[in-house]
Structure formats: structure tokens, C-alpha cells
Amino acid sequence: MLIKTVLLPVHVDQAEGDIVKALELCRAMGSHLSVLVISEAPSVPLSSDPVVLSENWGVLAQKARQRLSKRVNDIKVLIAESGNPASVRGISVNEDLLGDAIAQQALYSDLVIVLRGFLTGLDVAKTIVASIISTTGKPILIANSSQLDALDARKVVIAWDGEKPASRAISEALPILKNAEMVEILLVDPIAGQTEEDKTMGGELETYLTRHGINNSVKAVSSEGKDVADAIKQRAQQADFDFIVMGAYTHSRFRQKFFGGTTTIMVKNCETPVLMAH
């Protein structure tokens, strides 16, 4: 993955420190940071009088535009002070259209960083990630702003299910994997419903990564009847991995599935940074 443009969606009131961390990451990678400042469009006030309705909504909309404009200008100053190649634009959008709005901008980026602080409190968090990944095909990094140095990870775990999205995620993450000291190929419940092809699946990937000069090993674990996401998170925490690579929104060959439920859990409830692709 050659990262030249990184998209960072932020709320209009998101902490300045989050943007600073992203600027520092892009400076280290030699990438351009594209900041997308998002303001939720004001809801239409309830009123039986159309004149009052129009006036009230107009006042709310004007205040929202002014707030968004000020935030964009503040970030422009921050970018200028950083000296890092970056740009910023602001949009006002209804929450239910947020995923589509971000996905549209993601078309012109190599990587989308979605901070957990951005997703917090959003009812459409799952929809946002699904829209970006499935609509654009762009990889997405989900992490806290304090974890953005994870792209320089030393220990990486690959949640491998033998499917195209996971393979795509690995391809996108190759520069990170090559830079890591240790890469583990994690197979969850590989025995259930196993075929001859499944038996060698971990070994095939191990050979592939070795040809890229990546030091790696294969680890098989049982989900113990829990969701695959729980097994991935538990392994990442137990072995102190600082980065997870996985496919998103795809069926697995194993009894457990890397599908909506698993992806959603990893998006909303995982302490380790996750790079996903579809």
C-alpha cells in the first residue's frame, strides 16, 4: 500500500489533539492529510406555523454553518503551523447519510483513518464503516488517536479466514508487515468443517509472507463457542499484539464467520488498532 493521501473524518467539535496526531503520522509517512470536518445538519423544528418553522430552521442552519466555517478556519491555521501537506473541507450532513458522505471523499484517498472518538455516540457507526469499505474498496484504520503510531507496529496479528477480503487487507498492509518484527497468522476454529484445502491454508499464507521477507508463524485457536471477534481480541491482548489486520464483511470457511456481527464487534469494541479491507 503506497499511502500518499490519508482521509481523516472529524466532528466539528472533535479534539484538536486528534488532528495533530494524524498530521504527525502523515508527516512520518510523507503523506497528504485530507481532513473532512463534519457538522450534523440541523433537524427541522416542529411547528404548525410554516413561517415560524422556516425562521427557526433558518436560525439553526445559520449557526451550524458559522460553527463549521470557524472550525475549518481553525484547522487551516493548525495545518499551516504544522508545515505538513494537508487540506481541510467542511460538510453539513444528516447522520443517516454520514457514511455515504465520507465514502465519497474516501474515493480520493489511499487510507481512511476512523478514530474511535469519532465513532463514539454515533448510532450509525456500523453503517459508516460498511459504507467506506464496501463502497470504495479503500482500507480503513480504526484506532484511538494515541495509537496512530501503530502503522510502525512491531507485533502484528492477521485474522486469516482464507477469503478475498482478508487477502486484500494483507496486500494493503504489506509495508506494515514487512516492517514488523513478528507477524502471527491467526486461525480461529480451523478444525471445524475442515477440508484438505483448509488444512494447508495457514501454511500457504506463511509461505507467501516468507517470500516477502516477513517473519511469521501460524497460530490456531478455538473460539470456545464465542464470536470469532472475541477470539481475535483475546489473542491480541494475551500476546500483546499492537496491530490487527483482517478482512471485513465476508463469510468464512470455518464454523464462525467474519461477517457483519464480527466486523461490528471489532469496530465498536476492540482496544487494538485494526486495519480492515474488503
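The residue count restarts for each chain, going from 1 along the sequence in the order it is written. Two thresholds apply to this predicted model, a pLDDT of at least 70 for residue-level local features and 80 or more for giving and counting side-chain atom pairs, whereas whole-chain, interface and lining totals are computed over all residues. Hydrogen atoms and water are omitted, and side-chain values are computed over all heavy atoms in the structure.

Caption draft 1: How the structure looks around unusual backbone geometry. A positive phi angle, near 55 degrees, is found at E224, a position not held by glycine. As for its placement among the helices and strands, E224 is situated in the loop between β8 (216–221) and α9 (228–238). Residue class for E224 comes out exposed when judged on its relative accessible area of 62%. Positive phi outside glycine occurs at D240, with the angle close to 60 degrees. For the purposes of this entry, the term helix denotes a DSSP run of H or I that reaches at least four residues, the term strand denotes a run of E that reaches at least two, and both are numbered from the N terminus. Summary of the burial criterion: residues with accessible area below 20% of their type's maximum are buried, those above 50% are exposed, and those between are partly exposed, where the area comes from a 1.4 Å probe applied to protein chains only.

Caption draft 2: Structural context of the pattern of salt bridges. Any carboxyl oxygen of Asp or Glu within 4 Å of a side-chain nitrogen of Lys or Arg constitutes a salt bridge here. Here the structure, examined in full by the defined rule, presents seven salt bridges. Linking D152 and R154 is a salt bridge whose minimum nitrogen-to-oxygen distance equals 3.6 Å. Residue D152 is classed as partly exposed on the basis of its relative accessible area of 45%. Of the charged contacts in the structure, one is a salt bridge between R154 and E181, with a shortest N-O distance of 3.5 Å. Of this pair, R154 sits in the loop between β5 (140–143) and β6 (155–159) while E181 sits in the loop between α6 (164–179) and β7 (182–188), placing them 27 residues apart in sequence. What makes E181 exposed here is its relative accessible area of 53%. A cluster of three or more residues bridged by salt bridges with shared partners is formed by D152, R154 and E181.

Caption draft 3: Structural context of the packing of aromatic side chains. Note on aromatic contacts: the rings of Phe and Tyr and the six-membered ring of Trp form a pair at centre separations within 6.5 Å, being stacked when their planes are under 30 degrees apart, edge-to-face when over 60 apart, and tilted otherwise. Tallied over the entire structure, the rule returns zero aromatic pairs. Comment: the charge-over-ring label is applied if NZ (Lys) or CZ (Arg) is within 6 Å of the ring centre and within 35 degrees of the ring normal. Over the aromatic face of F241 sits the side chain of K155, whose NZ or CZ is 5.3 Å from the ring centroid.

Caption draft 4: Highlighting the sheet that holds strand β4 (residues 111–115). Taken in spatial order, the ten strands make up an open sheet running β3-β2-β1-β4-β5-β10-β9-β6-β7-β8, and their pairing is mixed. Of all strands in the sheet, those with a lone pairing partner are β3 (86–93) and β8, marking the two edges. With direction set aside, neighbouring strand axes in the sheet form an average angle of 25 degrees. As judged from the eight bridges shared by strand β2 (residues 32–40) and β3, these two strands associate in the parallel manner. By the bridge assignment, E40 is partnered in β3 with V93. When checking whether two residues touch, look at their non-hydrogen atoms; a contact exists if any pair is within 4.5 Å. Here an angle of 0 to 180 degrees is reported between the N-to-C directions of two axes, which are lines fitted to C-alpha atoms, with helices fitted over the stretch in contact. Lying on the sheet, helix α5 (residues 125–136) is in contact with β4, β5 and β10 (274–277); it crosses β5 at an angle near 155 degrees. Lying over the sheet, α9 contacts β6, β7, β8 and β9 (243–247), oriented at roughly 150 degrees with respect to β7. For two strands to pair, DSSP has to find at least two bridges joining them.

Caption draft 5: The nonpolar core, seen in detail. Each nonpolar core is a collection of buried residues, namely Ala, Val, Leu, Ile, Met, Phe, Trp, Tyr and Cys, held together in the definition by side-chain atoms within 4.5 Å. Counting 94 residues, the largest nonpolar core has F118, L177, L209, F243 and M276 as its most contacted members. It is α6 that contributes the most residues to this core, seven residues altogether. With residues near it in sequence (within four places) discarded, L209 still touches I158, I170, L174, L177, V183, I185, I214 and N216.

Caption draft 6: Quick look at the environment of V267. Among the secondary structure elements, V267 is positioned in helix α10 (residues 260–268). With a relative accessible area of 2%, V267 lands in the buried category. Between the C-alpha atoms of V267 and A229, which are 38 residues apart in sequence, the distance is 9.9 Å. The residues contacting V267, other than those within four sequence positions of it, are R116, L119, V129, I142 and M276.

Caption draft 7: Quick peek at helix α1 (residues 16–29). Look at α1: 20 Å from first C-alpha to last across 14 residues, which is about the 20 Å you get at 1.5 Å a residue. All buried positions along α1 are accounted for by D18, I19, A22, L23, L25 and C26. Looking straight down α1, one finds that the buried residues subtend no more than 160 degrees of arc, so they occupy a single side. Backbone geometry just after α1 places G30 at a positive phi near 70 degrees. By this rule the span expected of a helix is its residue count minus one, scaled by 1.5 Å. This arc is built from the directions going out from the helix axis to the C-beta atoms.

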